[in-house]
Amino acid sequence: MSRRRLMSAEVISDSNRMAGVTERIGSLGLNGSKKDLRERDNERLRRTMSVDDALITQPPQEELQPDYFELYARDLLPAKESGELTGKFLKEVTEQLVEYIQGSFERKNKVIDFMQPSELKEKLHLDLPDKAENLDQILLDIKNTLRYCVITGHPRFFNQLSQGCDVISTAGEWVTAAVNTNMFTYEIAPVFTLIEKATLKKMREFIGYKDGEGIFCPGGAISNLYAVLAARQHRLPQCKRMGLKGMPQLVIFTSVDSHFSFMKAAVICGIGADNVIAVNTDERGKMLVSDLDDKIQQASARGDVPFLVNATGGTTVRGSFDPIQSIADVCEKYNIWLHVDAAWGGGVLLSRRHRHLLDGIERADSVTWNPHKIMGVTLQCSAILLKEDGILMETNSMKANYLFQQDKHYDLEYDTGDKAIQCGRHLDVFKLWLMWRAKGTRGLEAQINKLMDLSQYLQDKLLERPGFQMVFNKPEYCNVCFWYVPPSLRGLPDTRENQLRLHKVAPAIKARMMEHGTTMVGYQPLREKVNFFRMITSNPATTKSDIDFLIEEIERLGKDL
Ligand code: ABU
């Protein structure tokens, strides 16, 4: 078809659409005078010109917009047979979303328009009314919501381990929102069940498992909880029915720098937070294996039952990787379940240059891996992966026969829901699968390598810049921890009082940063170390110039402190 004919066809279909919309909108109360004018214009166009004439001589006609002020949810599907109007409304919403996403990559835009809660409350219409709001107000609510959100996709958002806006994965999330089904049975999620199986298999291959199983969970803390439950089931299977009464005291070992979710899991499982034994770390933040061995022996001597050791693959603050091989040796020696919490670091498995950081991960009984972190999948997307198949069902199954009927006409292996601790489960896997297909393993590898290079660039810059001081030298990963020492505190003796003054610097700069809205980076203390910045390079949109910007911004905001 020639370009001219193709365009004619487009115009025809546009004019047909317009006629249809005019009819429907007429019955839905389009503003009278505007409606009359537009209808007259359209009619004149239809009568006096051939389609091709219109194409040549007229600028494209503005598409008719419904008057949302006059319209309500009750005018949309399914209350009314208003497919076209519903489509227009949804397009209006997606236009806002597309604009938001495009804007989130614009460096001239603020990362945050910070307001105190009392002020923000005034900007939003938070009340849930008795009477329906019109669609114009609903569109405004969406606009307002987007207006006051923190732009986590902004190239200068460095605040969390999860950063950036991956376009494909966002599209995947939209697809799952439209589909609105539940992962629990093949019956209602056939496509996503197969996608989940294929994706988990691929992830297990990267870990080095020959077989095994897994499931996508609502975040890394829950994936870690799955590991604790599976390890408990492995050690004391009778707990599932009988609870902990009369059972020996179970104990978990994890490093002082590991994630707090192990304490939560211990609380949830009735093991108790005090029975999570903190293992010391060395100067690089890695678990001290000799301390682990000592503490296991002490626990056993007390009559406790060590049943799980967690090795962290990328600690939250420092980004350190525990020595998995040596920890696995200890676990084998004492026959203890080894879990690797690679929520943050799991992505390095895709990088031939950096996967050595997780050497020995294939020896773990279970692994947590969050693609919503360094891989950049939109929140949330976390998986628990297990070396042996069957333990998830053994641990969590309740065989609810209203949902997991055993006499269905397909292979019940594909009903994965009874493996889960929750009932309903979101389609988290889809956006990962779609993104992985769109980038390929090689594309993801390049992305991860780039982020590692950016982290090195930041370290190099900080080392040469007066006023900046590394908290930990030679970070292994994308966490760079540093102090900014303002001129007033430079060259002073390292006394407690001066340390306390330095402790106040990062929060003061962060507060100014949020007020200005130019960038965002996290800070925290760590044991004896006073507040320091934790810079994370996990945003694929970030470039070296953004790293330079961050350094200069911290100087600009903090030099008078
Ligand atoms: N462990 C959840 C991630 C926390 C963070 O972004 O710092």
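Please read these numbers as outputs of a predicted model, since none were measured by experiment. Each chain carries its own residue numbering, running from 1 in the direction its sequence is written. In keeping with the predicted nature of the model, local features appear solely for residues at pLDDT of at least 70, side-chain atom pairs appear and are counted solely at 80 or more, and the whole-chain, interface and lining totals rest on all residues. With hydrogens and water set aside, each side-chain value is computed from the structure's full complement of heavy atoms.

Draft legend 1. Up close: the site of the ligand. Residue proximity to a molecule or strand is established when one non-hydrogen atom of the residue lies within 4 Å of it. Around the ligand, a shell composed of Gln160, Leu161, His259, Lys373 and Arg534 is seen. A distance of 2.9 Å is found between a nitrogen atom of the ligand and a side-chain nitrogen or oxygen belonging to His259. A distance of 2.9 Å separates an oxygen atom of the ligand from a polar atom in the side chain of Arg534. Only the protein chains shown count as cover for residues, and the accessible areas themselves come from Shrake-Rupley with a 1.4 Å probe. In isolation the ligand has 250 Å² of accessible area, and contact with the protein removes 70% of it. A per-class count over the shell around the ligand returns one nonpolar, two polar and two charged. Under this definition, polar contacts are N or O atom pairs within 3.5 Å; protein pairs additionally need one hydrogen-donor-capable and one acceptor-capable atom, and for neighbouring residues in sequence, both atoms have to be side-chain atoms. Each residue is assigned to one of three groups, with Ala, Val, Leu, Ile, Met, Phe, Trp, Tyr, Cys and Pro labelled nonpolar, Asp, Glu, Lys and Arg labelled charged, and all others, Gly among them, labelled polar.

Draft legend 2. A look at the environment of Asn134. Among the secondary structure elements, Asn134 is positioned in the loop between α5 (117–123) and α6 (135–147). Relative accessibility thresholds used throughout: buried, under 20% of the residue-type maximum; exposed, over 50%; partly exposed, between the two (1.4 Å probe, protein chains only). For Asn134, a relative accessible area of 11% gives the class buried. In what follows, a contact means two residues having at least one pair of non-hydrogen atoms within 4.5 Å. The residues contacting Asn134, other than those within four sequence positions of it, are Tyr68, Phe69, Leu71 and Tyr72. Engagement of the side chain of Asn134 in a polar contact is seen with the backbone nitrogen of Asp136, the distance being 3.0 Å. Under the scheme used here, helices are H or I runs from DSSP no shorter than 4 residues and strands are E runs no shorter than 2 residues, and both carry numbers assigned from the N terminus.

Draft legend 3. How the structure looks around unusual backbone geometry. Between Leu77 and the following residue, Pro78, the backbone shows a cis peptide bond with an omega angle of 0 degrees. In this fold, Pro78 is placed in the loop between α3 (51–57) and α4 (83–104). Residue Asn180 is not a glycine yet carries a positive backbone phi of 50 degrees. Take Asn180: it is sitting in the loop between α7 (167–179) and α8 (190–207). One non-glycine residue with positive phi stands out, namely Arg527, at about 45 degrees. Among the secondary structure elements, Arg527 is positioned in the loop between β11 (520–526) and β12 (529–536).

Draft legend 4. Seen up close, the packing of aromatic side chains. Two aromatic rings from Phe, Tyr or Trp, using only the six-membered ring of Trp, form a pair when their centres are within 6.5 Å; if the ring planes differ by under 30 degrees the pair is stacked, by over 60 it is edge-to-face, and anything between is tilted. Per the stated rule, a full pass over the model turns up 13 aromatic pairs. Taking the centre distance of 5.8 Å and the plane angle of 55 degrees together, the rings of Phe468 and Phe482 count as tilted. With Phe468 in strand β9 (residues 468–470) and Phe482 in strand β10 (residues 479–484), this pair connects stretches of sequence that are 14 residues apart. Comparing Phe468 with Phe482 shows no difference in burial state: the two are buried.

Draft legend 5. Up close: the pairing of strand β4 (residues 276–279). Note: strand β3 (residues 250–255) against β4, four bridges, orientation parallel. Each bridged residue has a counterpart across the sheet, and for Phe253 the counterpart in β4 is Ile277. Here the term right-handed applies to a crossover when the path leading from its first strand over the helix to its second strand runs clockwise, the strands being oriented away from the viewer. Between β3 and its parallel partner β4, the chain crosses via helix α11 (residues 261–268), and the hand of that crossover is right-handed. Criterion used throughout: strands pair if DSSP finds at least two bridges between them.

Draft legend 6. Main features of helix α17 (residues 505–516). Between its first and last C-alpha, α17 extends 17 Å over 12 residues, near the 16 Å set by a 1.5 Å rise per residue. Every buried residue of α17 is listed here: Val505, Ala506, Ile509, Lys510, Met513 and Met514. Here the buried residues of α17 occupy an arc of 160 degrees about the axis, which is enough to place them on one side. One fewer than the residue count of a helix, multiplied by 1.5 Å, yields its expected span. Throughout, the arc means that of the directions going from the helix axis to the C-beta atoms.

Draft legend 7. α7, seen in detail. The end-to-end C-alpha distance of α7 is 19 Å, a good match for the 18 Å that 13 residues give at a rise of 1.5 Å each. Considered for burial, the residues of α7 that qualify are Ser169, Thr170, Gly172 and Thr176. When α7 is viewed along its axis, its buried side chains cluster within an angular range of 155 degrees and face the same direction. Away from its buried face by more than 90 degrees, α7 exposes Val167, Ala177 and Ala178.

Draft legend 8. The environment of Ala73, seen in detail. Here Ala73 lies in the loop between α3 and α4. In this structure Ala73 comes out as exposed when scored by relative accessible area, which is 51%. Put simply, Ala73 and Ile138 are 65 residues apart on the chain and 9.2 Å apart in space, counted from C-alpha to C-alpha.

Draft legend 9. Structural view of the nonpolar core. For our purposes a nonpolar core is just a set of buried Ala, Val, Leu, Ile, Met, Phe, Trp, Tyr and Cys residues, chained together by side-chain atoms within 4.5 Å. Among the nonpolar cores identified, the biggest contains 94 residues, and Trp369 and Met375 are the most heavily contacted of them. Broken down by element, this core gets its largest block of residues, 13 residues, from helix α15 (residues 429–464). Counting 29 residues, the second-largest nonpolar core is a separate cluster that includes Cys217, Cys239, Cys269 and Phe307.

Draft legend 10. Looking closely at the pattern of salt bridges. We count a salt bridge whenever a side-chain nitrogen from Lys or Arg sits within 4 Å of a carboxyl oxygen from Asp or Glu. Inspection of every chain in the model, using the stated rule, returns 28 salt bridges. What you see here is one network of salt bridges that share partners, running through Arg107, Arg156 and Asp546.

Draft legend 11. Focus on the sheet that holds β12. Here we have five strands laid out as an open sheet, ordered β1-β11-β12-β10-β9, and mixed in their pairing. The strands lining the two open edges of the sheet, one partner per strand, are β1 (157–158) and β9. Two elements, β9 and β10, share three bridges in a ladder whose sense is antiparallel. Bridge assignment links Phe468 to a residue of β10, and that residue is Tyr484. Helix axes are fitted only over the stretch in contact, all axes being lines through C-alpha atoms; the angle between N-to-C directions runs from 0 to 180 degrees. The strands touched by α15 are β9, β10 and β12; relative to β10, the strand with the most contacts, the crossing angle is about 20 degrees.

Draft legend 12. Representation of the sheet that holds strand β6 (residues 337–342). With respect to topology, seven strands assemble into an open sheet ordered β2-β8-β7-β6-β5-β3-β4, the strand pairing being mixed. Since the sheet does not close on itself, it has two edges, and those belong to β2 (213–217) and β4, each with one partner. For this sheet, the mean angle separating the axes of adjacent strands, direction not counted, is 20 degrees. Across the sheet, helix α13 (residues 324–334) touches β5 (305–312) and β6, and the angle it forms with β6 is around 155 degrees.

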